[in-house]
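# Breakdown of the fold
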Amino acid sequence: MRNVLISGAGVAGGTLAWFLARQGFTVTVVERAPGPRTGGQAIDVRGAALDVVDRMGLGERMRALRTRMRGMSMVDGDGHELFRSEERTFSSGRLDSDDFEVLRDDVVAILHEATAGDVEYVFGDAITALTDEPHGVRVEFEHGGFRTFDLVVGADGLHSAVRRLAFGPEEDFVRHLGQYLAIFPAPNILGLEDWQVWFRHEETGGVAYPVRDNTELRVTLGFGSKPLPRLAVPEQKRLIAERLAGVGWEVPKLLEAMAQADVFYFDAMAQIHLDRWSAGRITLVGDAAYCASALSGQGTSLALVGAYVLAQELGRASHEEAFAAYETRMRPFVALNQALATENPEGPASDESVERAKNAISLA
């Protein structure tokens, strides 16, 4: 049981690949994108996840690239400041915490660099069929051919192909949270210096914050909505522009920057809930298994910790025993962290809830 295929080269996939390779597993990672994905928002590494990146020896590299906000402001749709804080931000929590916030693409790049010498990466391809056989999983690929692996792990996100092929259609497991977000990079057209500005107007809102020594912005724009059909990127941008039309402050500038953005992400805020995360020789990790949504602030930490626990258990026992132990250890941790996105839909979860959730697991 030493030959493992991981679908997805994101945080969960890269972390799992690192730990499995160091336990002597032969690891292949398949990723639909042509290379490590760029763009995305700043993500949080909190609580137990701090121990995971430190055990990998990558914690200091990630901390060196952390965002360094002095605080945040909240404005209304006319640009009037509602409040400000120099103690915390909505995105990262208390500024005096040991937790840190770092760009997702920086984390993915670090994980890829740390594993590239020990792991086979297949970029620009994807899994199209899985057949769980007595002595392995036959995997068929989009660009032709098949290979057989002892185990297959879906680390391929909210819209996981592995989950769909092994467990059933996405709609059976997704819980829509009533919001959509768009995330994209832009030049620092607002001249922000280590300061976040959030805005809120009726059912729309968002944030702009500077990164990379204040040379660039990462922008999030969102709106409330029931589930929408899948849309192409031009239609996604058009929808965002329509929903935020007429909002003041600097939103027109941000919409103009969005129109020019080559890197662009748009999706529903949703969670994944499954009764089981494994089927035969196939299992799931990270958002594919238990997406908590960006509203929780804990998706990255769940991915890091889940990958660590799964690798740890696979190094101890057969895949049947390992998958069962992985679920037993992770489910209470997942439940508390998913609740962070639903306990206070109008804003961030309380400090007490976050502290309880982020450390609610043993990595021994």
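If you're wondering where the values come from, they're calculated on a predicted model, not measured in any experiment. (Residues numbered from 1 in each chain as written. Predicted model: local features only at pLDDT ≥ 70, side-chain atom pairs only at ≥ 80, totals over all residues. Heavy atoms only, no water.)

Here we come to helix α7 (residues 251-260). What α7 keeps buried is the set Val 251, Leu 254, Leu 255, Ala 257 and Met 258. Seen along its axis, α7 keeps its buried residues to an arc of 160 degrees; they face one direction. Along α7, exposed side chains directed more than 90 degrees from the buried face belong to Glu 256 and Gln 260. Tucked inside the fold, the buried residues of α7 contact β14 (174-187), β15 (195-201), β16 (204-211), β17 (216-224) and α6 (233-243). (Buried < 20%, exposed > 50% of the residue type's maximum accessible area, 1.4 Å probe, protein only. Helix = DSSP H or I, 4+ residues; strand = E, 2+ residues; numbered from the N terminus. Arc of directions from axis to C-beta. Contact = heavy atoms within 4.5 Å.)

All right, on to the packing of helix α1 (residues 11-21) against helix α4 (residues 104-115) then. Remark: α1 packs on α4, axes separated minimally by 9 Å, with the N-to-C direction vectors making an angle of 25 degrees. Between α1 and α4, the interaxial angle falls into the category roughly parallel. The interaxial crossing formed by α1 with α4 has left-handed handedness. For the pair α1 and α4, contact is made by Val 11, Gly 14, Thr 15, Ala 17 and Trp 18 and by Arg 104, Val 107, Val 108, Leu 111, Ala 114 and Thr 115, respectively. Looking at the contact of α1 with α4, its residues break down into seven nonpolar, three polar and one charged. (Axes fitted to C-alpha atoms, helices over the stretch in contact; angles between N-to-C directions. Parallel < 35°, antiparallel > 145°, perpendicular 65-115°, else oblique. Left-handed = near helix turned anticlockwise from the far one by under 90°. Nonpolar A, V, L, I, M, F, W, Y, C, P; charged D, E, K, R; others polar.)

One recurring pattern in soluble globular proteins is that nonpolar side chains are buried together. Ile 6, Leu 20, Val 139, Val 285, Tyr 290, Val 305 and Met 330 are the most contacted members of the largest nonpolar core, which has 80 residues in total. The biggest single contributor to this core is helix α9 (residues 299-314), with 10 residues. Ignoring sequence-local partners within four residues, the contact set of Tyr 290 consists of Ile 272, Trp 277, Val 285, Leu 302, Gly 306, Tyr 326, Met 330, Val 334 and Gln 338. Ala 186, Phe 223, Ile 240 and Met 258 belong to the second largest nonpolar core, which has 28 residues in total. (Core = buried A, V, L, I, M, F, W, Y, C linked by side-chain atoms within 4.5 Å.)

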